[in-house]
Amino acid sequence: MSKEKLDKYLYKWPYFNPSEEKSWVKEGDSQFVRYLPEKKEELEIDSRWPGFFPSPICFVTTSDSEITALEKVVGASIVNRFPYIIALSFCIEPLSKRHYVRSRFMETLEKGETVCVHYFEPGDDIDAVMRAINEVSDDNIDKRIEFTGLATRKAKTNDSPVFSSAYMVYEAKLVKPGKDFSGNPIFEKPYTDFGSHRIYYLEIEAIQLREDISNGTSQIHWKALPEWEPKNQLQNEVVATTTPLIDVKYQKGYSPNYFFPSKNTIGFEYDTIENGMAIKVLPQLPEDQVEVDNDRARWPCFFPSSVGMITTWDSSGAPNLMPCGSTTILVRHPLCIGVCVSYAEINIRYAPRGSIRALNETKKFGCGVPFINDTIVDAIKYAGNISIDSDLNKIVNAGLEVEKNEWSPVLPALPIHFDCEVVDIVRLGTHFLYIGEVKAIRVREDVNQENPLNWYPYPDVLVNN
Ligand SMILES: Cc1cc2nc3c(=O)[nH]c(=O)nc-3n(C[C@H](O)[C@H](O)[C@H](O)COP(=O)(O)O)c2cc1C
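Below, the structure is looked at part by part. (Residues numbered from 1 in each chain as written. Predicted model: local features only at pLDDT ≥ 70, side-chain atom pairs only at ≥ 80, totals over all residues. Heavy atoms only, no water.)

1. Things to note about the overall build of the protein
The helix and strand inventory of the protein stands at ten helices and 28 strands. At 21 Å, the protein has a C-alpha radius of gyration in line with the 23 Å of a compact globule built from 465 residues. Each principal axis of the C-alpha atoms in the protein carries an extent, and together these give about 60 × 50 × 50 Å. When each of the 465 residues of the protein is scored for burial, the buried share is 58%. If you take every contact in the protein between residues at least 6 apart in sequence, the share linking residues at least 24 apart comes to 75%. Distance between charge centroids for the protein: 0 Å, based on 50 positive and 66 negative side chains. (Helix = DSSP H or I, 4+ residues; strand = E, 2+ residues; numbered from the N terminus. Rg over C-alpha atoms; globule rule 2.2 N^0.38 Å. Buried < 20%, exposed > 50% of the residue type's maximum accessible area, 1.4 Å probe, protein only. Contact = heavy atoms within 4.5 Å. Lys, Arg positive; Asp, Glu negative; His and termini not counted. Charge placed at Lys NZ, Arg CZ, Asp CG, Glu CD.)

Following this line, the structure appears as structure tokens:
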């Protein structure tokens, strides 16, 4: 990775020492806990996230018949596979200077009903867009795009402007009411309001990818997990209780060091090349989009995401772990994490997950933050391919120790863990979105200002030699 290009965007968490903060309490001998929700007065002073979840940053344009607008979104996430949906959330309740209401942006989006979601190479363009967002207020949002000084052109499927220098663009429109593959109604409304935020569901209609990336001359590089070094022992020794299973039918691979395209990814199957961009227009109906073959059913192009380690207590009493790429922070107050879990029966890749039972019955889950470490990555591969329905000892067989926290199983090897309560369940087509309100944040004792997690919120583009 070209470190110098990305280094100025390095985010370190925590920027404080839990041992020195009143709001964090020591529990047991190796963790600090912060109970939520916070008070409004606390938020007014500082509304930065009280805990860290690795989230990518993108830039979104929208337009109605009169104006065009621009915003930044932290944690945009693909939340459903068929139809292919991206969720974007915006503040609707004033909390602080940082979390103010994005009124004019949302008015424009709701009137025009479309967006273009952009990814730029780390460097001047990101800085120009950030400057425009920071210096031009939401009241003057129609001036932001011009303020960036960057060239734009027309999108393929809608009227939201496309920045010419973005290397990847997702064009999407607000969802309309429809039915899933079993005839259940979906999307009575194109958004969900919860607490301080409105979560919009947008169906992806077209994807643009720079031509040199589409043909492999350049590659996107994405570090999907934060870097971190435990200072204390990672965990107590774990002994597998039964022979770990390997599902021979289909194995979903995983590497947090992700290159696209590469021999492990599908190629980007585009329709045309225009303006130096390979463009794929997705079929309009989910029925026409469905790919039954497990490999072809993968996401059609790279999209930056991380992984949440979703833990539950199964009705059998066994602790469960479901690695979940579609995990993101959706609401600031009360702090909520969104987790998208497949319920559809499309193929092995998209099958109903065992975790659904516990999520629906107990309404409780844990969300651990993984990091780049061989033991953790091996555990993601095992637990992400074996259901609790075929291995009740899944977590230890994945090589992880479990701590019997009453709320949700805690994995002591992970630096951060959120205890969440399910406050809403949204049916999206192939996946349920579980919105989980964070009740407590747990961090290991060796997570502190001197030993923070390191995270790069932007993917890089590298020329392939
Ligand atoms: C890196 C990775 C990301 C994953 N992301 C998701 C996801 O976003 N949603 C989902 O339903 N399954 C996802 N899975 C698959 C589940 O983790 C997997 O099916 C798991 O075995 C389900 O366990 P369960 O049946 O015990 O709940 C992912 C797997 C991996 C390896």
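2. A short note on the pairing of strand β21 (residues 319–324)
Burial analysis of β21 places five of its six residues in the buried class, which makes it a mostly covered element. Strand direction decides the pairing type here: strand β20 (residues 308–313) and β21, joined by six bridges, are antiparallel. Looking at the pairing, I310 lines up with M322 of β21. The loop that links β20 with its antiparallel partner β21 comprises five residues; one of these, G317, has a positive phi angle of about 95°. (Pairing = 2+ DSSP bridges.)

3. Observations regarding helix α3 (residues 103–112)
Within the sequence span of α3, burial applies to F105, M106, T108 and L109. Looking down the long axis of α3, one finds its buried residues gathered within 160° of arc, a one-sided arrangement. Away from its buried face, by an angle of more than 90 degrees, α3 presents the exposed residues E107 and K111. Where α3 ends, the next residue or the one after it, E113, has phi of about 65°, a positive value. (Arc of directions from axis to C-beta.)

4. Re the nonpolar core
Ranked by size, the top nonpolar core spans 94 residues in total, and within it I86, L88 and F418 carry the most contacts. A total of six residues in this core trace back to one element, the largest contributor, which is helix α9 (residues 374–383). The contact partners of I86, leaving out residues within four places of it in the chain, are A76, S77, I78, V79, V117, A172, Y200, Y201, L202, I204 and F303. Membership of the second largest hydrophobic core comes to 22 residues, among which are I57, C116, M130 and L150. (Core = buried A, V, L, I, M, F, W, Y, C linked by side-chain atoms within 4.5 Å.)

5. Details of the site of the ligand
Neighbouring residues of the ligand: 22 residues in total, closest S342, G354, S355, S387 and I388. For the ligand, an oxygen atom lies 2.7 Å from a polar atom in the backbone of G354. When isolated, the ligand has an accessible area of 650 Å², and the protein chains bury 93% of it. When residues of the shell around the ligand are traced back to their parent elements, those giving at least two are β21, β23 (336–342) and α9. Ranked by residue count, the leading element in the shell around the ligand is β21, at four residues. (Near = heavy atom within 4 Å. Polar contact = N/O pair within 3.5 Å; in protein donor to acceptor, adjacent residues only side chain to side chain. Areas by Shrake-Rupley, 256 points an atom, 1.4 Å probe, with all protein chains shown as cover.)

6. Quick look at the sheet that holds strand β28 (residues 460–463)
Sheet architecture is open: three strands sit in the order β17-β16-β28, paired in antiparallel fashion. Pairing within the sheet leaves two strands with one partner each, and these edge strands are β17 (257–260) and β28. Mean inter-strand twist for the sheet, computed between neighbouring axes without regard to direction, equals 30°. Both strand β16 (residues 218–223) and β17 contribute to a ladder of four bridges, which runs antiparallel. Following the sheet pairing, K223 is matched in β17 by N257. (Axes fitted to C-alpha atoms, helices over the stretch in contact; angles between N-to-C directions.)

7. Comments concerning the environment of E274
Mapped onto the elements of the fold, E274 is located in strand β18 (residues 272–274). Through-space distance from the C-alpha of E274 to that of R210 is 9.7 Å; in sequence the pair is 64 residues apart. In this structure, E274 is in contact with K156 and I279, ignoring residues within four places of it in sequence. There is a polar contact of 3.5 Å between the side chain of E274 and the side chain of T272.

8. Examining the environment of R48
As for its position among the elements, R48 is in the loop between α2 (40–45) and β4 (57–63). Among the residues examined, R48 registers a relative accessible area of 33% and is labelled partly exposed. Sequence-wise, R48 and S96 are 48 residues apart; in three dimensions their C-alpha atoms are separated by 9.6 Å. If we ignore the near neighbours within four places in the chain, the residues touching R48 are Y15, R98 and R332.

9. Notes on the pattern of salt bridges
Under the defined criterion, the tally for this structure stands at 31 salt bridges. A salt bridge links E27 to R442; its shortest N-O distance comes to 3.6 Å. Here the residue E27 occupies a position in strand β2 (residues 24–27), and R442 occupies one in strand β26 (residues 431–444), the gap between them amounting to 415 residues. The class for E27 is partly exposed, based on a relative accessible area of 26%. Among the residues examined, R442 registers a relative accessible area of 7% and is labelled buried. As a salt-bridge pair, K154 and D159 come within 3.5 Å of each other at their nearest N and O atoms. (Salt bridge = Lys/Arg side-chain N within 4 Å of Asp/Glu carboxyl O.)

10. Brief notes about α9
Among all positions in α9, only I376, V377, A379, I380, Y382 and A383 are buried. Where α9 begins, the side chain of N373 points an oxygen toward the backbone nitrogen of T375, at a separation of 2.9 Å.

11. Brief notes about the pairing of strand β3 (residues 31–35)
Of all five residues in β3, four are buried, a share of seventy percent or more. Sheet topology note: the β2/β3 ladder contains four bridges and is antiparallel. Paired with W24 across the two strands is R34, which belongs to β3. Relative to β26, β3 is paired through five bridges, and the arrangement is antiparallel. Opposite F32, over in β26, you have V443 as the bridge partner.

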